[in-house]
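A closer look at the structure
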Amino acid sequence: FFPGPFPPLFATPMEAAQLIEAAPGGFTFDLYERNARLAGTGLKMPLARKTGTTICGLIYKDGVILGADTRATMGSVVSDKNCSKIHYMAPNIYCCGAGTAADTENVTAMISSQLELLRLRTERKSRVATACRLLKQYLFKYQGHVGAALVLGGVDVTGPCLYSIHPHGSVDKLPYVTMGSGSLAAMAVFESRFRPDMELEEAKAVVHAAISAGVFNDLGSGSNVDLCVITKDKVDYLRPYDVANVKPAIVGKYEYKSGTTAVLSTSVLEIKDARTVVGPDGAVSATEMEVS
C-alpha cells in the first residue's frame, strides 16, 4: 500500500485501503431527492418523450422469425421512414429494438462486441441465452433509464430461442412475443393465428400480419415491414419484406380558372430601380429602370 512506515493517519493497511473508493459506474442518483423537492414546489419536471414501434418474433418449425416496422419518431414528428430496427448480435442471433433509438443501437452493438470476443476466446458459436443474460444484466443495472425494449431471437445448439427483454431487465421466454407501442395489435394477430410447428411461408405471413396490424393501428409505427428469418444454417434479412404504406399518386388537380375567386380591389405600384453604371473610361452615370 504505502512504502516505508505508514502515515500516522492510518493504523493499518486495511484502513488505508478503505479510503480508496472505486469509481462509481453508470448513472448517479444523487440528485433524486433534490428533484423530488423541486417537484413538490410546483416545478414542472420534464417528461419522457413518447416513442413508438412494433416489433415481434415467433418460433416456427425450422427456426425463428423476427419482424419490425421502419418508422422512427421524434415526439409527433416522423424523423425516419426507413429505420432499421433489427440489429445484428451474432451470426446466428439478431435482436429487434424498441424505445430510444440511440439506446437500442448502442446497447445491441456493445453486447454484440462482447459476444464476438467470447467466440474468439472459446471458439464456439454464441448462445442466445448468453446474449440474453448480458443484455438483461446491463439493463437492470440502469433501472430502466436506458430505454431499450428488445426482442432477441436466434438458433444455437439448443435449438430456436426467443426472448423479450424489458427496459428494467425482466425477461420472458415464449414461443411468440411482441414489444413496442403497437405490441397489443401485433399480439392480437399472434393470439388468433399462431400455432406450433408452422411452415416457413405461413410463419412469415403471420409475422407480416402482426407488424402490419401495428403499422395501421398505432401512430408510432409505420412505413415498411422488415423480416429476419434465422435457421441453423443461414440468416435471411428481408428488408423490406413489404412496403405497407405506399404513397399514392396525386390524382386531383389544384389549378383554378381565372375569375374563380372574386377580386375586390386592385392596386398597382410603379417601382423604379436606380443603378450606377461605370464606363470603361471611369465615367459614372446613373440610370433608372422600371421594374413594374
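In case you missed it, the structure is sitting above this.
Keep in mind the model is a prediction, meaning the values are calculated, not measured. (Residues numbered from 1 in each chain as written. Predicted model: local features only at pLDDT ≥ 70, side-chain atom pairs only at ≥ 80, totals over all residues. Heavy atoms only, no water.)

A few words now on the sheet that holds strand 9 (residues 171-173). Backbone hydrogen bonds are what pair the strands of a sheet, in a parallel or an antiparallel way. As summarised here, the arrangement of the 5 strands in space is 5-6-7-8-9, forming an open sheet in which the pairing is antiparallel. The two strands at the open ends of the sheet, each matched to only one other strand, are strand 5 (86-90) and strand 9. Each adjacent strand pair in this sheet contributes to an overall mean axis angle of 20°, direction not counted. Inspection of the sheet shows strand 6 (residues 93-99) paired to strand 7 (residues 148-156) by 7 bridges, in the antiparallel sense. Bridged to Cys96 within strand 7 is Val151. (Pairing = 2+ DSSP bridges. Helix = DSSP H or I, 4+ residues; strand = E, 2+ residues; numbered from the N terminus. Axes fitted to C-alpha atoms, helices over the stretch in contact; angles between N-to-C directions.)

When you line up the elements, Ala149 lands in strand 7. Ala149 gets classed as buried once you look at its relative accessible area, which sits at 11%. Taking the C-alpha atoms as reference, Ala149 lies 8.8 Å from His168; in sequence the two are 19 residues apart. When sequence neighbours within four positions are dropped, the list of residues in contact with Ala149 reads Ile55, Cys96, Gly97, Ala98, Ile165, Pro167 and Met179. (Buried < 20%, exposed > 50% of the residue type's maximum accessible area, 1.4 Å probe, protein only. Contact = heavy atoms within 4.5 Å.)

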